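Survey of secondary and tertiary structure
So you can see what is in the structure, the chains are spelled out below.
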Amino acid sequence: MVAPPETARRRHLVVVLVLVVALVAGGVTVWLLSGGSLPGGSNATAGEAFRDLGSGVSVANGAPETLKAVPDDHVAKASFVETESLGGVVHVTPDGDLSQPVTLRFALNRPVDAADVVIAVNRTGAADGWELVPPSKVEGGFAFVTTNHLSWWDPLFRSFGNLVDAAKAELKKSFDSLTGDAFADAEKPQCPGEREARNQGYSIGSKGSDPLYWCLGIEGGKPTARIVDKRRYPILVNHAGITVAQRPKDRFGVEWLAQQSFSDKRTVLMPFDQAALSYQLAKGQSVSFTTEYDGFAESLYQLEFGVTTLINILTRFGAGAGTISNGAIKIEQFDRIAEVAGKFLHVKECAGALNRSSPDAGAILAGCFDPATLGEVFGWKGVLLGAVLVAGPAAEFFHSQFETLSDLLQGRDRETVTVTYQPQPAIPFVGHWAVHGLTMDIKKDGTGSIQWNAGPCDSATSSVSRMCSGNATVKFTSTGAEQLTGTYTKVWYTDSGGNTVRNYAYAGSDFQVGQRFTLKRNDEHTLVASGGSADDPDGPGNPYLCDAYAIQHNLGGEKYDICGA
């Protein structure tokens, strides 16, 4: 009898189900025999089958058969602070690049939260060759990573709470250092022709908080002031009417800074940067340039503070050398910060945040310090930084420090530097002058000297008779076209052998340091000296002083016998 259609349909379904069960059972058996496990077991992920390599490491099927894994206790272990090993260092061989990437699976020695697992990898075997990579996933007691290079590996437990606490401590340390010392360890500028500039009558001075080093000189025949930013933050220099003879070195990304518009009236100085300003002044004229801490400079400084802090945090975690935590920052440290900051400026969102018309700490944090940007700038090290900065307490602290940076610096940025041109009257009577027993030399720069016959120079207790010469240096000041005032700046005595005599018997009655005298024109070839104060009522010498012509004509009965005894 033919079965009803419904009965036939049921028999057909039973046969199909039996076949399916048989096929599945057979497949599972083969899979288990080849090293697999049932779905949901510790040896399965996303439908992939893994082959054991030894030492707690397995590889997804399809990888070359030559792969092996052995423990390696000889290679230097990763020195990342606030981390613990979850399995030990394993050397997966053969070393080097693969033609196609493979997925490695590392057995963890204890259950941990997936967010706290990172993988240390060392491609060279050197002590400083360790880097961090995030696992592709953590599941079922395993950490997975896909790679196209075989080397040394070590799964690590990242103590996230300790990382955040350490980051907050480093943030506070970096921030507090600004309140104690906001200076960069900058070198003072050197100005060629500085003495020449001052001799010509140029002078320079300042008032304010003194954020600059400066000097004054003559370069290319023009008076020039060189300035250096000695703060840890950028300084904006307003110099309307003054020419920039030498622009500062561009930092924080040359291409990006070159796009900024600072006109010919303003120049931004980064820490350690130097610029040269030249000017033309008439007699009695002054010109000033001022400093300030504007919005653009504030944005750059917030970026610099962030980069400095992040590098210090990385140092705290054993991921590279630090920069500064306390005191003045040095130029080699800042160069490193500037190099890293330049990478931030090539991130569109970060550059846009810094280019706002007014500083916006929130925009800078969002555009420059998000996990994606940190990963792009710091590479594997961003694995640590990204985790720290997304944590609520650390992120909030970082944000609050950004907001108060400008408040800390109020008043430190202001300085007014003034250059004045007030040439002194030309020194008259420059040359060599003499009278019996005394000679005097007067120089263009207002310095001079006097030598005279001081007579016997021995003390009353000495039985040896010696003759002494008196010597003095003099500072001359012009008090008119035909008048000089001289002031003794040094007086000493020497014997005929040129030896200094320290016990000159009559020193107290001779010329004294600080005494003054006046020289006036007597005629075309002679001067007359007189006391310039009660200290020296007579002045040096005869009191006449003669030039070479007068001395040559110093004959009895002639006009210039006043030059004789």
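This text gives an overview of the structure that appears in the document. Being a predicted model, the structure only gives us computed values, none of them experimental.

What counts and what doesn't
Note on numbering: residues in each chain are counted from 1, in written sequence order. This being a predicted model, a pLDDT of at least 70 is required before a residue's local features are given, and a value of 80 or more before pairs of side-chain atoms are given or counted; all residues contribute to the totals for chains, interfaces and linings. Each side-chain value is derived from all of the structure's non-hydrogen atoms; neither hydrogens nor water enter the calculation. We count a stretch as a helix when DSSP gives it H or I for four or more residues in a row; a strand needs E for two or more, and each element gets its number in order from the N terminus. For every residue, the accessible area obtained with a 1.4 Å probe (protein chains only) is divided by the maximum for its type, and the residue is called buried under 20%, exposed over 50%, and partly exposed between those limits. For this analysis, residues touch if any pair of their heavy atoms sits within 4.5 Å. When DSSP locates at least two bridges between a pair of strands, those strands are taken to pair. Axis geometry follows a simple rule: fit a line to the C-alpha atoms, using only the stretch in contact for helices, then measure angles between N-to-C directions, giving values from 0 to 180 degrees. With respect to orientation, any angle under 35 degrees is reported as roughly parallel, any angle over 145 as roughly antiparallel, any angle of 65 to 115 as roughly perpendicular, and every other angle as oblique. Take the far helix as your reference; a near helix turned counterclockwise from it by less than a right angle gives a left-handed crossing, and one turned clockwise gives a right-handed crossing. Under the grouping applied here, Gly and all other residues not named as nonpolar or charged are polar, the nonpolar ones being Ala, Val, Leu, Ile, Met, Phe, Trp, Tyr, Cys and Pro and the charged ones Asp, Glu, Lys and Arg. Our arc is simply the arc of the directions from the helix axis toward the C-beta atoms.

What about the environment of cysteine 457?
- Topologically, cysteine 457 is positioned in the loop between β21 (447–456) and β22 (467–478).
- Among the residues examined, cysteine 457 registers a relative accessible area of 0% and is labelled buried.
- Each C-alpha atom of the pair cysteine 457 and tyrosine 493 lies 8.4 Å from the other, and the pair is 36 residues apart in sequence.
- Setting aside residues up to four positions removed in sequence, cysteine 457 forms contacts with Arg466, Met467, Cys468, Val501, Asn503, Tyr504 and Ala505.

Quick notes on unusual backbone geometry
- Omega for the peptide link from threonine 93 to proline 94 comes to 5°, which places this bond in the cis form.
- Residue placement: proline 94 occurs in strand β5 (residues 90–107).
- In the Ramachandran plot, aspartate 210 falls in the positive-phi region, its phi being about 65° despite a non-glycine side chain.
- As for its placement among the helices and strands, aspartate 210 is situated in the loop between β10 (202–208) and β11 (212–219).
- Overall, the relative accessible area of 33% leaves aspartate 210 in the partly exposed class.
- The phi angle at phenylalanine 429 is positive, at roughly 65°, despite the residue not being glycine.

Let's talk about the sheet that holds strand β18 (residues 415–421)
- What the 5 strands build is an open sheet, ordered β10-β18-β17-β13-β15; its pairing is antiparallel. Across the chains shown, the open sheet's two edge strands, defined by having one partner strand only, are β10 and β15 (266–269). For this sheet, the mean inter-axis angle between neighbouring strands, taken without regard to orientation, is 20°.
- Relative to β18, β10 runs antiparallel, the two sharing 7 bridges. Bridging across to β18, tyrosine 202 finds its partner in tyrosine 421.

Observations regarding the environment of glutamine 401
- Among the secondary structure elements, glutamine 401 is positioned in helix α11 (residues 392–408).
- The buried category is assigned to glutamine 401, whose relative accessible area is 7%.
- C-alpha separation for the pair glutamine 401 and lysine 172, spaced 229 residues apart in sequence, amounts to 8.4 Å.
- With sequence-adjacent residues up to four places away left out, glutamine 401 is seen in contact with Leu171, Lys172, Phe175 and Phe305.

Quick word on the sheet that holds β11
- The strand order β11-β12-β16-β14 describes an open sheet built from 4 strands, whose pairing is antiparallel. Both outer strands of the open sheet, β11 and β14 (243–246), are each paired with one neighbouring strand and no more. In this sheet, adjacent strand axes meet at a mean angle of 30° when their direction is disregarded.
- Looking at chain direction, β11 and strand β12 (residues 222–229) are connected through 8 bridges and run antiparallel. The partner of leucine 212 across the bridge, within β12, is aspartate 229.

Details of the packing of helix α6 (residues 331–345) against helix α9 (residues 371–378)
- Where α6 contacts α9, the two axes come as close as 10 Å, and the packing angle between them is 130°. The angle between α6 and α9 places the two elements in the oblique class. Handedness of the α6/α9 crossing: right-handed. Contacts between α6 and α9 involve Val340, Lys343 and Phe344 from the former and Thr373, Leu374, Val377 and Phe378 from the latter.
- Grouping the amino acids of the contact of α6 with α9 by side-chain chemistry returns 5 nonpolar, 1 polar and 1 charged.

Re α9
- All of the buried residues along α9 are Thr373, Leu374, Val377 and Phe378. Taken end-on, α9 shows its buried residues confined to a sector of 105°, consistent with a single buried face. In α9, those exposed residues whose orientation departs by more than 90 degrees from the buried face are Ala372 and Glu376.
- Taken from the residues just after α9, glycine 379 is the one with a positive phi, measuring 65°.

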